[in-house]
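The residues making up each chain are set out below.
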Amino acid sequence: MRCIVCEALSLRAICTACQEEFLVPKIQVRLIENIKVYSFYSFDSLQFLLSSKYYSIGSRIYTIMAKRAMLYFKNHPPSHINKTTYALGIDSPLYNAYSHTAIILHAFRKIFIPIYGELRAQNKVKYAGKSLEFRRNNPRGLIYKSGNIDCVVMDDVITTGTSMLEARDVITKGGGNFLYGITLCDAAI
């Protein structure tokens, strides 16, 4: 196999040298209304890797990015992490054989208790590249059923913040305690 970044022979989708050069996590905090969203990478520098989620190779790439982000987060936690904090992923309808947010949840399972498929979008509209107005007028239709738990919400990218705000609202209405959001990338960085 070849590294998708530099095309050198590699056993991984992204070779170790490219991981050390391009996938160096650094926590950034973005405030959306009154919630904090922690991100690890700049969207502009990794846009080509993030678009891999639409292809089968994306599962390997997202695994690498999520594991590196988790290790950084584990060693530099923003606040005290409770052993009974749950992690929920904002799931879009599946277009491939895997869920990119499930990959992120799986990588963070050493820190949080993952609940897969909990925040599944009922709306099948694609949000990539859409305006803030479009996103506000077409909510995901997230459903939350886990009740009274402390949880963080995970996604791959935060752009306008509307998905994170919708997740917070549906969790709060369902009796849960939304702590903060975690994304791999922030499009505003």
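Note that the coordinates shown come from a computational prediction; the quantities given were computed from them, not determined experimentally. (Residues numbered from 1 in each chain as written. Predicted model: local features only at pLDDT ≥ 70, side-chain atom pairs only at ≥ 80, totals over all residues. Heavy atoms only, no water.)

A.B. asks: Is there a simple way to think about the sheet that holds strand E5 (residues 150-158) in this case?
C.D. replies: Strands pair in a sheet through their backbones, by hydrogen bonds, and they do so in one of two ways: parallel or antiparallel. Taking strand neighbours across the sheet as the criterion, the 6 strands line up as E1-E2-E6-E5-E3-E4 in an open arrangement whose pairing is mixed. Every other strand in the sheet has two partners, leaving strand E1 (28-32) and strand E4 (113-120) as the edge strands with one partner each. The average undirected angle you get between the axes of adjacent strands in this sheet is 30°. Inspection of the sheet shows strand E2 (residues 35-42) paired to strand E6 (residues 177-186) by 5 bridges, in the parallel sense. Looking across to E6, one finds that Tyr38 is bridged to Ile182. Its contacts with the sheet place helix H2 (residues 43-50) against E2, E5 and E6, and it is angled at close to 75° to E2. (Pairing = 2+ DSSP bridges. Helix = DSSP H or I, 4+ residues; strand = E, 2+ residues; numbered from the N terminus. Axes fitted to C-alpha atoms, helices over the stretch in contact; angles between N-to-C directions. Contact = heavy atoms within 4.5 Å.)

A.B. asks: Just checking my understanding: could you explain the packing of aromatic side chains for this structure?
C.D. replies: Within a pair of aromatic rings, the relevant descriptors are the distance that separates the centres and the angle that separates the planes. Tallying each qualifying case throughout the model produces 7 aromatic pairs. Centroid distance Tyr38 to Tyr180: 5.2 Å. Interplanar angle 80°. Geometry classified as edge-to-face. Of this pair, Tyr38 sits in strand E2 while Tyr180 sits in strand E6, and the two are 142 residues apart along the sequence. Neither Tyr38 nor Tyr180 differs from the other in exposure class; each is buried. Summarising the aromatic geometry, the rings of Phe40 and Phe108 are spaced 6.2 Å apart at their centres and angled 45° between planes, so their arrangement reads as tilted. Highlighted residues: Phe40 in strand E2 and Phe108 in the loop between helix H4 (100-107) and E4, separated in sequence by 68 residues. Residue Phe40 is classed as buried on the basis of its relative accessible area, which comes to 2%. Counting every residue linked through ring pairs, the aromatic cluster contains Tyr38, Phe40, Phe73, Phe108, Phe112 and Tyr180. (Phe/Tyr/Trp six-rings, centres within 6.5 Å; stacked < 30°, edge-to-face > 60°. Buried < 20%, exposed > 50% of the residue type's maximum accessible area, 1.4 Å probe, protein only.)

A.B. asks: How should the packing of helix H3 (residues 58-75) against H4 be read in this particular structure?
C.D. replies: Describing two packed helices takes the angle between their axes plus the distance from one axis to the other. Taken N-terminus to C-terminus, the directions of H3 and H4 make an angle of 35°; their axes are 8 Å apart at the nearest point. Relative to H4, the crossing made by H3 is right-handed. Within the contact between the two elements, H3 uses Ser59, Tyr62, Thr63, Ala66, Lys67 and Met70 and H4 uses His100, Ile103, Ile104 and Ala107. The class makeup of the residues in the contact of H3 with H4 is 6 nonpolar, 3 polar and 1 charged. (Left-handed = near helix turned anticlockwise from the far one by under 90°. Nonpolar A, V, L, I, M, F, W, Y, C, P; charged D, E, K, R; others polar.)

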